Amino acid sequence: SRAFNFSAGPATLPEPVLLQVQRELLEWQGERASVMEVSHRGKAFIACAAKAEADLRELMGVPDDYAVLFLQGGATTVSALLAMNLARAGQTAEYLLTGHWGEKALENAKASVRTHVVASDADNAYRRIPDAAAWTRAADSAYFHYTSNETIHGVEFSSLPDVTDVPLVADFSSNFLARPVDVRRFGMIYAGAQKNIGPAGITVAVIRKDLLGRHGRELPPIFDWQNQVKNDSMFNTPPTFPWYVTGLVLQWMRDEGGVEVFARRNAEKAALLYSTIDGSGGFYRNPVDPAARSTMNVPFTLHDEALDKTFLAETEAAGLMGLKGHRALGGMRASIYNAMPLAGVQALADFMRDFAVRHG
Ligand code: PLP
């Protein structure tokens, strides 16, 4: 039987989606072949891709002057390509650092733009969001990049950074469609699928169309997103299977009632887990400033590291998997994305209380 999967990504997928994939695996849409075996230029796949985009636009409220791209290469590749596509050579781009993935995005941009760090919480081990009063802004920047949810450090913006003078660009890989977002506030939003909306292998980018084509660079055509926009993300062979599964997850989200419903569920799950940690009398600890605590990734440590192995072995045995923390932080991490049911978090909370009693 399936465990509750708390992995940070690739992460748990909704069971109805997996069952639908299983039912349709051999013969899809009357094609007498699997979705993996048919042309991306065929009618059936074009319709499948268009429906995924339409559902995403509806769920997120994406305005018509924004393009929706389904790209390969993961959020990492997109973090490099966005610098080439959104900035002219030699122009500056601003980065606000609240954890590991912001650092990576910054590194990936450096070959293509002059970068400026607006603020960083690195010296504080990434436990809070730097106060806007202490930011240093750059003049004439092409965009302002931040990570909406830091998957490793468990730091999430509960509201958008107050940036309106330059295009706001955000990595939403680990909290995409986890709560309503006003797309109009952004120049670009991107997210690898493998946490909240699908399997690994596809990355969604929502980009204000007028920002494309200003870079003035000679880019290899495959790296120039104008070509992806013109070709409906099919400038080359797209990752058809992850695209199809992502489409099923988006349909499932619509069936469940949309992003607001998930936002309520996510808040409830996170509250349950943090109250279990905070109410443990110091047996469990989460180091993040309560105002910046992630509703998606909850890192925590046990009061005695020597118990880590036992905790992991016992959780596995209890059907709670994927709780080992990232190697950079140690301890544990529970990822509680959209597809994690409240019952899973309840089972984890019950286990944690019981474990603390037995080992406290
Ligand atoms: N950004 C964030 C917030 C992430 O959590 C991750 C992966 O965990 C990445 C970027 C990198 O994504 P990918 O492995 O798809 O390149």
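Residues numbered from 1 in each chain as written. Predicted model: local features only at pLDDT ≥ 70, side-chain atom pairs only at ≥ 80, totals over all residues.

Thoughts on the site of the ligand
- Close contacts around the ligand come from Gly9, Gly74, Ala75, Thr76, Trp101, Thr147, Thr151, Asp171, Ser173, Ser174 and Gly192, and that covers them all.
- Top contributing element to the shell around the ligand by residue count: helix 3 (residues 74-86), with three residues. (Near = placed C-beta within 6 Å. Helix = DSSP H or I, 4+ residues; strand = E, 2+ residues; numbered from the N terminus.)

A closer look at unusual backbone geometry
- The linkage connecting glycine 9 with the following residue, proline 10, adopts the cis geometry, with an omega of 0°.
- A positive phi angle, near 60°, is found at alanine 125, a position not held by glycine.
- For alanine 125, the position within the fold is in the loop between strand 4 (114-120) and strand 5 (141-147).
- The class for alanine 125 is exposed, based on 12 C-beta atoms found within 10 Å.
- The backbone phi angle of aspartate 232 is positive, close to 50°, even though this residue is not glycine.
- Relative to the helices and strands, aspartate 232 resides in the loop between helix 5 (225-230) and helix 6 (240-256). (Buried ≥ 20, exposed ≤ 12 C-beta atoms within 10 Å, placed from the backbone.)

Let's talk about the pairing of strand 8 (residues 168-171)
- Here strand 8 shows no split at all, with Leu168 and Ala170 on one side and Val169 and Asp171 on the other all buried.
- With four bridges joining them, strand 5 and strand 8 adopt parallel strand pairing. From the neighbouring strand, tyrosine 146 faces strand 8, where its bridge partner is alanine 170. (Pairing = 2+ DSSP bridges.)

Considerations on the UniProt feature "domain: Aminotransferase class V" (unreviewed entry) in the protein chain
- UniProt records the feature "domain: Aminotransferase class V" (unreviewed entry) at residues 4-348, using the numbering of this structure.
- For the annotated span residues 4-348, helix accounts for 32% and strand for 18% of the residues, and the straight-line distance between the end C-alpha atoms is 9 Å. (UniProt positions renumbered as here; feature names shortened; annotations may be inferred.)

Section: helix 3
- Between the first and last C-alpha of helix 3 there are 18 Å, a value that for 13 residues agrees with the 18 Å anticipated at 1.5 Å per step.
- Along helix 3, the largest kink reaches about 25° and is centred on alanine 80.
- Restricting attention to buried positions, one finds in helix 3 the residues Ala75, Val78, Ser79, Leu81, Leu82, Ala83, Met84, Asn85 and Leu86. (Expected span 1.5 Å × (residues − 1). Bend = angle between axes of the 7 residues up to and from the residue.)

A word on the sheet that holds strand 8
- On the basis of which strands lie adjacent, the open sheet formed by seven strands has the order 2-10-9-8-5-3-4 and mixed pairing. Two strands bound the open sheet, and with one partner strand each, they are strand 2 (66-71) and strand 4. Mean inter-strand twist for the sheet, computed between neighbouring axes without regard to direction, equals 20°.
- Pairing of strand 8 with strand 9 (residues 188-192), which is carried by three bridges, proceeds in the parallel orientation. When the bridges of strand 9 are listed, alanine 170 appears paired with isoleucine 189.
- Helix 3 rests against strand 2, strand 3 (92-97), strand 5, strand 8, strand 9 and strand 10 (203-208) of the sheet, and its axis sits at about 155° to strand 9. (Axes fitted to C-alpha atoms, helices over the stretch in contact; angles between N-to-C directions. Contact = placed C-beta atoms within 7 Å.)

Section: the UniProt feature "binding site: L-glutamate" (unreviewed entry) in the protein chain
- Mapped onto this structure's residue numbering, the UniProt feature "binding site: L-glutamate" (unreviewed entry) falls at Arg41.
- Structurally, arginine 41 can be placed in the loop between helix 1 (15-24) and helix 2 (43-60).

Focus on the pairing of strand 9
- For strand 9, the buried fraction is high: five of the five residues fall into the buried class.
- Side chains of strand 9 alternate between two faces, with Met188, Tyr190 and Gly192 and Ile189 and Ala191 buried alike.
- Sheet analysis places strand 9 next to strand 10, joined by five bridges and oriented antiparallel. Along strand 10, the bridge assignment pairs glycine 192 with threonine 203.

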